[in-house]
Amino acid sequence: MEPVVRRWRVPGHLVHRLTVTATNGTHTVSTAVPAARFKRTAYAVVGGLTNGTPYTVTVTARNRVGQSERSLPAAPVTPTTDGSGALPAVSTGLKVNAEATAARLSWTPPKTTGDTPVTGYRITVSDGRTVTVTGRDVLVAQPRAKGMLRVVGKLRPSTAYTFSIAALTATGTGPSAEVSVMTPSR
């Protein structure tokens, strides 16, 4: 069974827990998400769903006063694990500016995200490291195609580097975009 990823904005700072509920009319699954974690990631994963079955998702918020009314249901989503879902497109506008020991990468999120939202980016560095970018900034950037930014440190002066960036979704990893740079000497 594949989890379904949905995202919402937390309605205020007093919320301490969100409950995300997915239902297909006969099978209902709920997941409680601490508000602090949701603030960091800006999405929730609901496991235990049946592949190929559409689900609607609602959210309630809890604070010290009590629980909110249920949100309106989101458009139906259908979890899959057979690879039939569309992957995100390639990120565009990839640029790099390097200093002796760090590189500033910037890019624009994919124009299409496939069947599920982008939940992160995988940056592969030619020195063998992998950096994963996740959280609220990734999700906020999507609807507006706002640019993404990441600084990768611990580079060596006067060294050639290639950086590959790929969008991550619940469906899978999209194609990579690449950019190369030579770090200057100190």
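As shown above, the structure is provided for reference.
Read on for a plain summary of the structure. (Residues numbered from 1 in each chain as written. Predicted model: local features only at pLDDT ≥ 70, side-chain atom pairs only at ≥ 80, totals over all residues. Heavy atoms only, no water.)

## Things to note about the sheet that holds strand S10 (residues 130–134)
Phase 1: The strand order S10-S9-S12-S13 describes an open sheet built from 4 strands, whose pairing is antiparallel. A single partner strand is all that each edge strand has here, and the edge strands are S10 and strand S13 (173–182). Here the strands of the sheet are splayed against their neighbours by 20° on average, with no regard to which way each runs.
Phase 2: Strand direction decides the pairing type here: strand S9 (residues 118–125) and S10, joined by 5 bridges, are antiparallel. Along S10, the bridge assignment pairs Tyr121 with Val133. (Pairing = 2+ DSSP bridges. Helix = DSSP H or I, 4+ residues; strand = E, 2+ residues; numbered from the N terminus. Axes fitted to C-alpha atoms, helices over the stretch in contact; angles between N-to-C directions.)

## A few points about the packing of aromatic side chains
Phase 1: Counted according to the given criterion, the structure contains 2 aromatic pairs.
Phase 2: Judged by centre distance (5.3 Å) and plane angle (70°), the rings of Trp107 and Tyr121 are edge-to-face. With Trp107 in strand S8 (residues 103–108) and Tyr121 in strand S9, this pair connects stretches of sequence that are 14 residues apart.
Phase 3: Considering the side-chain rings of Tyr161 and Phe163, the 6.3 Å spacing of their centres and the 25° angle between planes classify their relative orientation as stacked. (Phe/Tyr/Trp six-rings, centres within 6.5 Å; stacked < 30°, edge-to-face > 60°.)

## Details of the side chain of Thr169
Phase 1: Topologically, Thr169 is positioned in strand S12 (residues 160–169).
Phase 2: The buried category is assigned to Thr169, whose relative accessible area is 10%.
Phase 3: Ignoring any residue separated from it by four or fewer positions in sequence, one finds Thr169 in contact with Pro88, Thr113, Thr116, Pro117, Val118 and Thr119. (Buried < 20%, exposed > 50% of the residue type's maximum accessible area, 1.4 Å probe, protein only. Contact = heavy atoms within 4.5 Å.)

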